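Breakdown of the fold
Now for the letters of each chain:
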Amino acid sequence: MAAALWARRLGIEVLVVERQPKPGGQLLSYSMPIVDLPGFSPAPAHVLIERLTQELGRVGAAIEYGRQAMSWNGSELSLSDGSALEAGWLFYAPGLRTRRLHIPGEDQAFRGSVSELAGCAPKRRVLIIGGGDRSVEGAIRLARAGHAVTLAVRSPRLYARLPYQTELSDTSATVFYRTEAVRIEGKPGYLRVPFTGAGAPDAAWEGSDVLVRIGMEPDIVWQIARVRGDQAYGRHLRMTVIGDAAMDPWERSLVTAFASAMRAVKAYVNGMDS
Ligand SMILES: Cc1cc2nc3c(=O)[nH]c(=O)nc-3n(C[C@H](O)[C@H](O)[C@H](O)COP(=O)(O)OP(=O)(O)OC[C@H]3O[C@@H](n4cnc5c(N)ncnc54)[C@H](O)[C@@H]3O)c2cc1C
């Protein structure tokens, strides 16, 4: 969306395609207010989504939902519905997907969002694997919704931002440090996870749902981009990867996503990326 705004301001025709039925990307999963966007914060994420969407409308940038990009050959973007769009340049901002643990039974882990699980009745017993922002934020939301939450963290401490850690300590959630999941046994609803590690409890965890939140990786389609290290790069000419997918993990944020969009569009306009 930021790239589309810059493109319009610089006089370029632009179309945004989004595979989801609504805009927002990762902003849709925020439960805490945005506090680190200079001049905007603190405010709920939906306010930012609404402002960006309104601004796109104002500058005449079209956005089409439910359209998933599948491949790019340098001049044509193929979509999952079989259609294709011609374009002079592709700004590819696919965001991130959850990294996999690669343990037996991982397919039994919950694939949906924390919001879906939070609304479940009767109350669930949930194991969250991981100690970063997403796992701790999920733990806070689920514990506040009345579910019994356990966090299993491989490291001796949490890596989530401090305000999240403080909020977590005000909930009923339990944290096991230096604890690794060995496998996931059973079926959703009746799951068992044996642990290993210096801090692992003797008994395995038993409950209804397991959420794996061990970090994120670029959510690329391989026909469009590839990943080197933690960052995605375009496979073809006339495209730039922007946003979180183009960043190292410690750089990923709204500010850097906006900045990478501006940089990429200006480079395109100035012919520096041809
Ligand atoms: C819970 C949480 C809290 C956060 N808190 C903060 C914070 O407080 N401050 C901060 O600065 N940052 C925060 N972040 C990070 C911030 O949200 C991201 O840095 C930012 O959203 C990155 O934007 P993006 O456009 O690169 O990717 P995303 O927001 O992930 O958007 C990518 C979009 O591309 C779509 N897409 C992907 N592939 C395709 C395809 N093939 N075809 C069509 N559409 C596709 C996706 O559906 C998605 O809508 C947080 C993230 C999370 C998850």
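Residues numbered from 1 in each chain as written. Predicted model: local features only at pLDDT ≥ 70, side-chain atom pairs only at ≥ 80, totals over all residues.

Looking now at the packing of helix H1 (residues 2-9) against helix H2 (residues 45-59). Look at H1 against H2: their axes get within 10 Å of each other, and the N-to-C directions meet at 25°. Judged on the interaxial angle alone, H2 and H1 are roughly parallel. Where H1 crosses over H2, the two elements pack in a sense that is left-handed. Here Ala-4, Leu-5, Arg-8 and Arg-9 of H1 come into contact with H2, specifically with Glu-55, Leu-56 and Val-59. (Axes fitted to C-alpha atoms, helices over the stretch in contact; angles between N-to-C directions. Helix = DSSP H or I, 4+ residues; strand = E, 2+ residues; numbered from the N terminus. Parallel < 35°, antiparallel > 145°, perpendicular 65-115°, else oblique. Left-handed = near helix turned anticlockwise from the far one by under 90°. Contact = placed C-beta atoms within 7 Å.)

One widely used convention gives an interface's size as the accessible area the parts lose upon coming together. One can read the domain layout of the protein chain as domain 1 (2-96 + 216-269) and domain 2 (106-212). Between the C-alpha centres of domain 1 and domain 2 there is a distance of 30 Å. (Domains from an automatic or database assignment.)

What follows is about the site of the ligand. In the region of the ligand, 29 residues are neighbours, and Gly-25, Pro-94, Gly-95, Gly-243 and Ser-253 sit closest. Elements that contribute at least two residues to the shell around the ligand include exactly strand E1 (15-18), helix H4 (133-144) and helix H6 (254-269). For the shell around the ligand, the per-class residue count stands at 12 nonpolar, 8 polar and 9 charged. (Near = placed C-beta within 6 Å. Nonpolar A, V, L, I, M, F, W, Y, C, P; charged D, E, K, R; others polar.)

Among the nonpolar cores identified, the biggest contains 34 residues, and Ala-3, Ala-4, Phe-91, Tyr-92, Ile-242, Ala-261 and Val-265 are the most heavily contacted of them. Put simply, the parts of the chain that give this core at least two residues each are H1, strand E6 (90-92), strand E20 (239-241) and H6. When residues of this core are assigned to their parent elements, the largest contribution, 6 residues, is made by H1. Contact partners of Ile-242, with chain neighbours within four places excluded, come to Ala-3, Phe-91, Tyr-92, Ala-93, Ser-260, Ala-261 and Ala-264. Counting 29 residues, the second largest nonpolar core, distinct from the first, contains Ile-128, Val-175, Ala-181 and Leu-191. (Core = buried A, V, L, I, M, F, W, Y, C linked by C-beta atoms within 7 Å. Buried ≥ 20, exposed ≤ 12 C-beta atoms within 10 Å, placed from the backbone.)

Before going further, it helps to spend a moment on the sheet that holds strand E16 (residues 209-212). Hydrogen bonds between backbone groups are what pair the strands of a sheet, and the pairing can be parallel or antiparallel. Ordered in space as E10-E9-E8-E16, the 4 strands form an open sheet in which the pairing is parallel. Two strands lie at the open edges of the sheet, namely strand E10 (174-176) and E16, each paired on one side alone. With direction set aside, neighbouring strand axes in the sheet form an average angle of 20°. Note that strand E8 (residues 125-129) and strand E9 (residues 148-152) share 5 bridges and pair parallel. Bridging from a neighbouring strand, Leu-127 pairs with Thr-150 of E9. Relative to E9, H4 is tilted by about 165°, and along the sheet it contacts E8, E9 and E16. (Pairing = 2+ DSSP bridges.)

So, on to unusual backbone geometry. Omega for the bond connecting Ser-41 with Pro-42 falls within 30 degrees of zero, at -10°, which places this linkage in the cis form. Looking at the secondary structure, you find Pro-42 in the loop between E1 and H2. Note that the residue after Ala-121, namely Pro-122, is joined by a cis bond; omega there is -5°. Despite not being glycine, Arg-178 has its phi angle at roughly 45°, a positive value. Within the fold, Arg-178 resides in the loop between E10 and strand E11 (180-181). Within the chain, Arg-238 stands out as a residue other than glycine whose phi angle is a positive 55°. Turning to its location among the elements, Arg-238 is positioned in the loop between strand E19 (231-234) and E20. Residue Arg-238 is classed as partly exposed on the basis of its 16 C-beta neighbours within 10 Å.

The contact between H1 and H6 brings their axes to 8 Å, and the two run at 35°. The chirality of how H1 crosses H6 is right-handed. Across from Ala-2, Ala-3, Trp-6 and Ala-7 in H1, the residues of H6 making contact are Ala-257, Phe-258, Ala-261, Met-262, Ala-264 and Val-265. Partitioning the contact of H1 with H6 into residue classes produces 10 nonpolar, no polar and no charged.

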